[in-house]
Amino acid sequence: MPYNEAETRYELIDPVLRDKGYRQWRVKLETPAPVEPTGNKGRRRAGNGRTDYLLCVQVGEMPKPLPVGVIEAKAETEDPLKGMQQGKRYAECLRFAVQYVFATNGHRYGEFDKGTQMPAGPHPFPDFPSHDDLTARYAKDIQIDIAAPEAAMLFMADAPAYNKPRYYQDAAIRAAFEKVLQCQQSSTPPRALLSLATGAGKTVIAANLLWRLHEAGQLAKPALFLCDRDELREQAWEKISKAFPKGSVRIVRTERGQNAAKNAKVHIATYHTLGLDDEDQSYASFLTEHYAENAFSVIIIDECHRSAWGRWSEVLKRNPEAIQIGLTATPRQLRDSKHQTPDDAGITANNLNYFGEPVYEYTLIQAQEDGYLAACEIVRLKPSIDWKTFTRDDVLAAKPIDARTGRPISEEDLKAQYAANTFDNDILLPERIATMCADLFQRLCEHGGPEQKVIIFCNRDLHADRVAMQMQRLYAVWCQEQGVTPKDHYAFKCTAEGGSELIEQMRGSGERCFIACTVDLLATGVDIERLNAVVFFRYLQSSITFYQMVGRGTRIHEETQKYKFWLYDYTGVTDLFGTDFITAPTQPRLPTPDDDDGGGDDGGGDDGGRDPLPLPEMKTGHNGTVVVQGRFILQERMVNGVRREVPVPLDEYRQDMVARVLREAATIHDFRGLWVETQRRRKLIEHLLGERFSPDTVRELMGLGECDHFDLFAHYGYREKALKRSEREGAYLERQASWFASADPKAAIVLRGLGHQFGLGGTDALESAELWNVPEIRRAGGLHALRSLGIPSAVVIEAKTRLFGA
């Protein structure tokens, strides 16, 4: 009897690798099942996630082996080169941050080398390179002396608090360390950039990275974790302090005239704390007062894409010997800007120039496929009024008032014209706000109810006020109609003006604080795992700001089974998916009497006690409507030779999936023949899932949830009528009545039972081992009862053929 995959690994592969000197040759990696945007909250796909094995090498008595390759075990009768396509192998090298991919059936093996991009094999498996040979080859290929003392960082264990990191978190740290060692050995500044999707756990990466450096003896001087917001500082302290002994991690602040973090191993600071964002630099900053040059051994810059302004480059220039790591979800390239200082232009204006290309990247799509971040359903909408442009004369004819004072607006206070991207920012349109809020509220009611956690991104503070008021009004009316008591703080504004004190309640409670209306205060640094929807009432041009805002919804919340978030786009901002992160940031400046509270591109302001310019408010006399622009699935597609995240229209996604099925079966007859054979059907589904198509998602979004996958494909691929499972069951029982009557009574019970089970659970129910434990089928004799009609397995196939021919 030939060995299956697990037996091949145990009986044929393990003994050879042990003989070759691999003591801890493999690390088993398992991911959760992928998530899909079905239903109101999404779901995890049935079955397990991906399982991979990493081939490791060991140096001396180091605490932890070092992964250098992915090894795929095949059943001994399989082709050892099966699936060794160059593109797939190269992608796995990048995902796991390893140099090689090996595949073997225990008799022969093949390999793919990331450095040369060269596949090789098959070779006899007894000729697999020894541990020492592969270790030497790896060191040569990555140009690092891994036996050198400074390379010990590669072999350090994780902090006890985070000793089970996700595979990509470990891979990111290894990739950063490899880059640092290469820089050190070539006498170049040790810098590395890590790019991971929002929600992927960059702070945990920082904690383990610092701990490993500490264990490797690389923190002779303190480490600095630098961020730009108080929320991120507190979050970093909470997580990094768990990795180190008590008192080793402190927040930088002044206490009794001294630096509170003076004796700590890890210092956590914001730019403001260090005095790096002050325009008046005529006095010494906290940095220069309390830290000498080269005071730090390691500097980690969190969210470094947000921080390319002011004088924050000073901390890097004063510590040229430090290991410098940039963490980001969006590597930022900056256009030339008149606000940039020469220092910024030379060092911080371009992350890619300063740090180099990211040494490790982990995208939102990858995280969704791995089951670590929530899936996303995009609904594009457009208020009908946004097709209009109002001239100054149009606005004057409508008798506008100042939205703040109610006083009439004069002609000189108006712009020449107002297009859609200025609505509710430069001119307030109450009917537009009411229409958009009513549309959103209705969608919430249709997809889980109004008491969902939602962030609405608005254009400015005053806009956020009006949206919060309108959503609260709609909720109060709904509660009256339903006869229920309204919950506290249903809709609230959360901007620089206030409301942030309610975020903790929004995050932790399912009984209050549901709709947060903000400008950009919640764009970063706030994790709300149970967030169900991200809504854009705001126009944007910045890809960076957009991705950060979308990232608020990507966390999974197991407690409430939230595996999906809705992205309601009323302003076309989802066109920013997949664009280059190139923006011209605005230099912070002191407010002037001429400022108003406009949001601009990347941030809304507040009145701040200033004397703002009049803000026109105009009633058009028409409520208008909201036009559905389509539903979209987020996928990775090749765009100009580069993989990018692209919102794919549902119809296009469906057509591409069906086209893949048609390549396997050109006619309905061919498809039916494929579908009734369990292994062929499962392989087809595996191929679809492997190519990032989800039949369940399409079935749900196309309104065919009561249909089997067979009818989904038959309808869209072969123009057959789509029958519900119950309808197909009924047609089978009716049309095959004569067949049942001619069969042995017990066989007839089993055949009819197959139809009943299909009606309950579709094709999957017919291929489940539990089918034969169904009471009516088991009492009739189960599979054995079909022997009167021929070979039982063949009879089952015939029954399925008749069922799908109904």
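Residues numbered from 1 in each chain as written. Predicted model: local features only at pLDDT ≥ 70, side-chain atom pairs only at ≥ 80, totals over all residues. Heavy atoms only, no water.

Considering the overall build of the protein chain
Link 1 in the chain: Across its full length, the protein chain carries 26 helices and 31 strands.
Link 2 in the chain: Taking all 806 residues of the protein chain together, 55% fall into the buried category.
Link 3 in the chain: Contacts spanning at least 24 positions in sequence make up 71% of the contacts within the protein chain whose residues lie at least 6 apart.
Link 4 in the chain: Carbon and sulfur atoms provide 48% of the accessible area of the protein chain, an area that totals close to 34800 Å². (Helix = DSSP H or I, 4+ residues; strand = E, 2+ residues; numbered from the N terminus. Buried < 20%, exposed > 50% of the residue type's maximum accessible area, 1.4 Å probe, protein only. Contact = heavy atoms within 4.5 Å. Areas by Shrake-Rupley, 256 points an atom, 1.4 Å probe, with all protein chains shown as cover.)

Notes on the sheet that holds strand β14 (residues 266–270)
Link 1 in the chain: Reading across the sheet, the 7 strands line up as β11-β14-β10-β15-β16-β9-β18 and stay open at both edges, with parallel pairing between neighbours. The two strands at the open ends of the sheet, each matched to only one other strand, are β11 (249–251) and β18 (360–362). Going across the sheet, the axis of each strand differs from the next one's by a mean of 15°, ignoring polarity.
Link 2 in the chain: Bridge count for strand β10 (residues 223–227) against β14 is 5 bridges, and the pairing is parallel. By the bridge assignment for β14, Leu224 is matched with His267.
Link 3 in the chain: Contacting β9 (191–196), β10, β14, β15 (298–301) and β16 (323–328), helix α5 (residues 202–215) runs over the sheet at an angle of about 175° to β15. (Pairing = 2+ DSSP bridges. Axes fitted to C-alpha atoms, helices over the stretch in contact; angles between N-to-C directions.)

Concerning the sheet that holds strand β19 (residues 375–383)
Link 1 in the chain: Spatial strand order, β24-β25-β23-β26-β27-β19-β30-β31: 8 strands in an open sheet with mixed pairing. Because the sheet does not close on itself, it has two edges, and the strands there are β24 (491–493) and β31 (642–649). Neighbour-to-neighbour, the strand axes of the sheet open up by a mean angle of 20°, direction not taken into account.
Link 2 in the chain: In this sheet, strand β30 (residues 626–639) lies alongside β19 in antiparallel orientation, the contact comprising 7 bridges. Residue pairing for β30: Glu377 is matched across the bridge by Ile633.
Link 3 in the chain: Across the sheet, helix α13 (residues 430–446) lies against β19, β23 (454–457), β25 (515–518), β26 (533–536), β27 (564–569) and β30, angled at about 145° from β19, the strand it touches most.

Focus on a negative patch on the surface
Link 1 in the chain: Negative charge collects at one region of the surface, where Asp393, Asp394, Glu411, Glu412 and Asp413 lie side by side.
Link 2 in the chain: With relative accessibility at 36%, the residue Asp394 sits in the partly exposed group. (Patch = residues over 30% accessible without salt bridge, like charges linked within 9 Å, V, L, I, M, F, W, Y side chains within 5 Å. Salt bridge = Lys/Arg side-chain N within 4 Å of Asp/Glu carboxyl O. Lys, Arg positive; Asp, Glu negative; His and termini not counted. Charge placed at Lys NZ, Arg CZ, Asp CG, Glu CD.)

Re the pattern of salt bridges
Link 1 in the chain: For the coordinates displayed, the defined rule picks out 44 salt bridges.
Link 2 in the chain: Salt-bridge contacts for Arg43 lead to Glu36; the nearest nitrogen and oxygen are separated by 3.4 Å.
Link 3 in the chain: Its relative accessible area of 2% is what places Glu36 among the buried residues.

Focus: the side chain of Lys64
Link 1 in the chain: Summarising the element assignment, Lys64 is placed in the loop between β4 (51–57) and β5 (66–73).
Link 2 in the chain: Under the relative-accessibility criterion, Lys64 is labelled buried at 17%.
Link 3 in the chain: Reaching out from Lys64, the side chain makes a polar contact with the side chain of Asp170 at a distance of 3.1 Å.
Link 4 in the chain: Contacts of Lys64, omitting those with residues within four sequence positions, involve Gln58, Phe155, Met156, Ala157, Asp158, Asp170 and Arg212. (Polar contact = N/O pair within 3.5 Å; in protein donor to acceptor, adjacent residues only side chain to side chain.)

What about the pairing of β9?
Each regular strand displays side chains that alternate between the two surfaces of the sheet.
Link 1 in the chain: When you tally the buried positions in β9, you get 5 out of 6 residues, the bulk of the element.
Link 2 in the chain: In the sheet, β9 pairs with β16 via 5 bridges, with the strands oriented parallel. Bridging from a neighbouring strand, Leu193 pairs with Gly326 of β16.
Link 3 in the chain: Inspection of the sheet shows β9 paired to β18 by 3 bridges, in the parallel sense. By the bridge assignment for β18, Ser195 is matched with Glu361.

Topic: unusual backbone geometry
Comment: phi is negative for the bulk of residues other than glycine, and the bulk of peptide bonds are trans.
Link 1 in the chain: Cis peptide bonds are those with omega within 30 degrees of zero, and the linkage from Gly121 to Pro122 qualifies with 5°.
Link 2 in the chain: Residue placement: Pro122 occurs in strand β8 (residues 118–124).
Link 3 in the chain: For Asp424, which is not glycine, the phi torsion reads 60° and is therefore positive.
Link 4 in the chain: Mapped onto the elements, Asp424 comes out in the loop between β22 (417–418) and α13.

Considering the packing of aromatic side chains
Link 1 in the chain: Under the criterion given, the structure shown has 36 aromatic pairs.
Link 2 in the chain: On the basis of an interplanar angle of 55° and a centroid distance of 6.5 Å, the ring pair of Phe102 and Tyr109 is categorised as tilted. Residue Phe102 shares its accessibility class with Tyr109, and that shared class is buried.
Link 3 in the chain: Through a chain of ring-to-ring contacts, the aromatic side chains of Phe671, Trp675, Phe710, Phe713, Tyr718, Phe758 and Phe804 assemble into a single cluster.
Link 4 in the chain: Residue placement shows Arg681 over the ring face of Trp675; its charged tip is 5.1 Å from the ring centre.
Link 5 in the chain: Between Arg802 and the ring centre of Trp739, over which it is positioned, the NZ or CZ distance is 4.0 Å. (Phe/Tyr/Trp six-rings, centres within 6.5 Å; stacked < 30°, edge-to-face > 60°. Lys NZ or Arg CZ within 6 Å of the ring centre and 35° of its normal.)

Some thoughts on the packing of α5 against helix α6 (residues 230–240)
Helix-helix packing is described using two parameters, namely the angle between the two axes and the distance between the axes.
Link 1 in the chain: Contact geometry of α5 with α6 gives a least axis separation of 9 Å together with a crossing angle of 45°. When the interaxial angle is binned, α5 and α6 end up oblique. Crossing handedness for the pair α5 and α6: right-handed. On α6, the residues that touch Thr203, Val204, Ala207 and Leu210 of α5 are Gln235, Ala236, Lys239 and Ile240.
Link 2 in the chain: Considering only residue class, the contact of α5 with α6 consists of 5 nonpolar, 2 polar and 1 charged. (Parallel < 35°, antiparallel > 145°, perpendicular 65-115°, else oblique. Left-handed = near helix turned anticlockwise from the far one by under 90°. Nonpolar A, V, L, I, M, F, W, Y, C, P; charged D, E, K, R; others polar.)

Considering the environment of Phe102
Link 1 in the chain: Secondary-structure assignment places Phe102 in strand β6 (residues 100–104).
Link 2 in the chain: As a C-alpha pair, Phe102 and Phe128 span 26 residues in sequence and 9.8 Å in three-dimensional space.
Link 3 in the chain: Among all residues touching Phe102, those that are not within four sequence positions of it are Leu55, Val70, Ile71, Glu72, Tyr109, Gly110, Glu111, Phe128 and Leu134.

Side note on the environment of Ala220
Link 1 in the chain: Residue placement: Ala220 occurs in the loop between α5 and β10.
Link 2 in the chain: Judged by its relative accessible area of 76%, Ala220 falls in the exposed class.
Link 3 in the chain: Separated by 77 residues in sequence, Ala220 and Ser297 place their C-alpha atoms 6.9 Å apart.

Here we look at helix α19 (residues 678–690)
Link 1 in the chain: Taking 1.5 Å as the rise per residue, α19 with 13 residues should run 18 Å; its terminal C-alpha atoms sit 18 Å apart, in good agreement.
Link 2 in the chain: Along α19, the positions that sit buried rather than exposed are Arg681, Leu684, Ile685 and Leu688. Projected down its long axis, α19 shows its buried positions confined to an angular sector of 95°, all on one face. Along α19, exposed side chains directed more than 90 degrees from the buried face belong to Gln679, Glu686 and Gly690.
Link 3 in the chain: Along its buried surface, α19 packs onto α17 (650–664), α18 (668–675), α20 (695–701), α21 (709–718) and α24 (745–766).
Link 4 in the chain: Arg692 sits one or two positions beyond α19 and adopts a positive phi of about 70°. (Expected span 1.5 Å × (residues − 1). Arc of directions from axis to C-beta.)

A closer look at the confidence of the model for the protein chain
Link 1 in the chain: Looking at the protein chain, pLDDT values average 86 and 89% of them are 70 or higher.
Link 2 in the chain: Contacts of residues 334–349 to residues separated by more than four positions or lying in other chains number 30 contacts, the stretch itself having pLDDT below 50.
Link 3 in the chain: Here residues 583–610 is modelled with pLDDT under 50, and outside its nearest four sequence neighbours on either side it reaches 77 contacts, counting other chains as well. (pLDDT = per-residue confidence, 0-100.)

Looking at the nonpolar core
Link 1 in the chain: With 118 residues, the main nonpolar core has Ile240, Tyr360 and Phe536 as its most contacted residues.
Link 2 in the chain: Once you skip the residues sitting within four places of it in the chain, Ile240 turns out to touch Thr203, Ala207, Leu210, Phe225, Val249, Val266 and Ile268.
Link 3 in the chain: Counting 47 residues, the second largest nonpolar core, distinct from the first, contains Tyr732, Ala747, Ala748 and Leu766. (Core = buried A, V, L, I, M, F, W, Y, C linked by side-chain atoms within 4.5 Å.)

Focus: the packing of α18 against α19
Link 1 in the chain: Packing of α18 against α19 brings their axes to within 6 Å, and their N-to-C directions diverge by 105°. The orientation of α18 with respect to α19, classified from their angle, is roughly perpendicular. Across the interface between the two elements, Phe671, Gly673, Leu674 and Trp675 from α18 touch Arg680, Arg681, Leu684 and Ile685 from α19.
Link 2 in the chain: Its residues assigned to classes, the contact of α18 with α19 shows 5 nonpolar, 1 polar and 2 charged.

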